[in-house]
Amino acid sequence: MSLRILPYSPEAVPAVREFNQRLLASGAAADLQFPETPDPGWMPGMELFLAVEEGLVRGGYILRRQMFSIAGAAIGAAHYRLPLSEGIVNRAYAMLGLRLLRDALSREPRLYAMGMGGWDKPLPQMLKRLGWGMCAVPFHFKVVHPMRFLRHIRALRTSPLRRAALDAAAFTGAGWLGMKALGLTRHLSSGPFNLEPAFAPWADEVWERSRPAYALLAQRDAATLDRLYPPSDPRFLRVRAAGGWAVLLDTQMQNHKQFGDMRVGTIVDCLAPPESATAIVRAAASLLEQRGVDLIVSNQLHAAWSRALLASGFRTGPSNYLLALSPAFAQAAGGANHDQFHINRGDGDGPIHL
């Protein structure tokens, strides 16, 4: 295979478009599409690479470089995201996925991958075989409006019998009573909090106080946060409370594959010293409840933040949001347990689909 892996240049856009069309025509999922521009502008620090064979694009991947704190010390790494290969529809390119990964490792040995859709997907299966350190990032949820939840939660409405049972529970009130008995609909008070228009020097103070407490933590100073969550984007709600902060979304879903037409609140990102986690979670959940969401969700890996969510009326459900660290990155992390890593959706593809 006379194939080279090169940086994505504007001249390659027509070939990328043809690559995407070939994938779709061969039955690949509609969301498996490579950006048809070298600068998609999703998040800062992205570098795009293409696998090119005689003028045809056969695959590609994205690196998003960023700094991490490991027990307070700064270290560089990169997120390996959206690796796509023609091998998913053409067995002649079955080994291209491995070649893309090796190319990325040659550019940055400290790689991580996130999300990936579950353990049964090709990428996490390959990374596991290659000895990457892997775990699921727990999924936490809190039901605010039981009737809306029961009527729209597609993960549970998987058969006519289940749909009928959930509809009956919703309309008779039995679902609300059951959830209340289980503590799934508790409304908890919180301390004072502020909504901030942007991150500022106060966020730098939170960063400096917090980073020594976490075995692994992506850089979250004010400048980085304003790049990740631009002040010009009205979707992001920045809650400041109890010596820390959280970034929230309040999204009206439309025919979502998991949440149907619910209004979903998301605790996307957060930071404070671990002892302040509960106060931050309660402030974030309180604001989202006041805004009228039906359900609040969050993926949080660190044990202190998971405990804070559970203490605030959240429960855990199945998670298909995975973390994988390359051997070099896992070694740099010093063998710490994964539940000492402060990882959430702010560290991966961001709040896509939310």
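All of these numbers come straight from a predicted model, not from anything done at the bench. (Residues numbered from 1 in each chain as written. Predicted model: local features only at pLDDT ≥ 70, side-chain atom pairs only at ≥ 80, totals over all residues. Heavy atoms only, no water.)

Undergrad: Quick one: what's the story with the side chain of D294, residue by residue and with numbers?
TA: Within the secondary structure layout, D294 lies in the loop between α9 (277-291) and β13 (295-299). Within the structure, the side chain of D294 is placed 3.0 Å from the side chain of H145, a separation counted as a polar contact. Here the side chain of D294 touches R148 through a polar contact of 3.3 Å, side chain to side chain. Among all residues touching D294, those that are not within four sequence positions of it are K142, V143, V144, H145, R148, M262 and R263. (Helix = DSSP H or I, 4+ residues; strand = E, 2+ residues; numbered from the N terminus. Polar contact = N/O pair within 3.5 Å; in protein donor to acceptor, adjacent residues only side chain to side chain. Contact = heavy atoms within 4.5 Å.)

Undergrad: Would you mind going over the pattern of salt bridges in detail, with residue names and values included?
TA: If you walk through the whole model with that rule in mind, you get 16 salt bridges. For E86, the salt bridge is made with R22, and the minimal N-O distance between the two is 2.9 Å. Remark: R22 occurs in helix α1 (residues 13-25) and E86 occurs in the loop between β4 (73-85) and α2 (96-107); sequence separation between them is 64 residues. Across the pair R58 and E53 runs a salt bridge whose closest N-O atoms are separated by 3.0 Å. (Salt bridge = Lys/Arg side-chain N within 4 Å of Asp/Glu carboxyl O.)

Undergrad: Quick one: what's the story with the sheet that holds strand β10 (residues 237-241), residue by residue and with numbers?
TA: Across the sheet, 7 strands lie side by side as β8-β10-β11-β12-β13-β7-β14; this open sheet has mixed pairing. The sheet terminates laterally at β8 (194-196) and β14 (315-317), the two strands that pair on one side only. Geometrically, the sheet is characterised by an average inter-axis angle of 35° between neighbouring strands, direction not taken into account. (Pairing = 2+ DSSP bridges. Axes fitted to C-alpha atoms, helices over the stretch in contact; angles between N-to-C directions.)

Undergrad: Go over the environment of W305 with me, naming the residues and quoting the values.
TA: Among the secondary structure elements, W305 is positioned in helix α10 (residues 303-311). W305 gets classed as buried once you look at its relative accessible area, which sits at 1%. Apart from the residues within four sequence positions on either side, W305 is in contact with Y214, C270, L271, A272, A277, I280, V281, Q300 and H342. (Buried < 20%, exposed > 50% of the residue type's maximum accessible area, 1.4 Å probe, protein only.)

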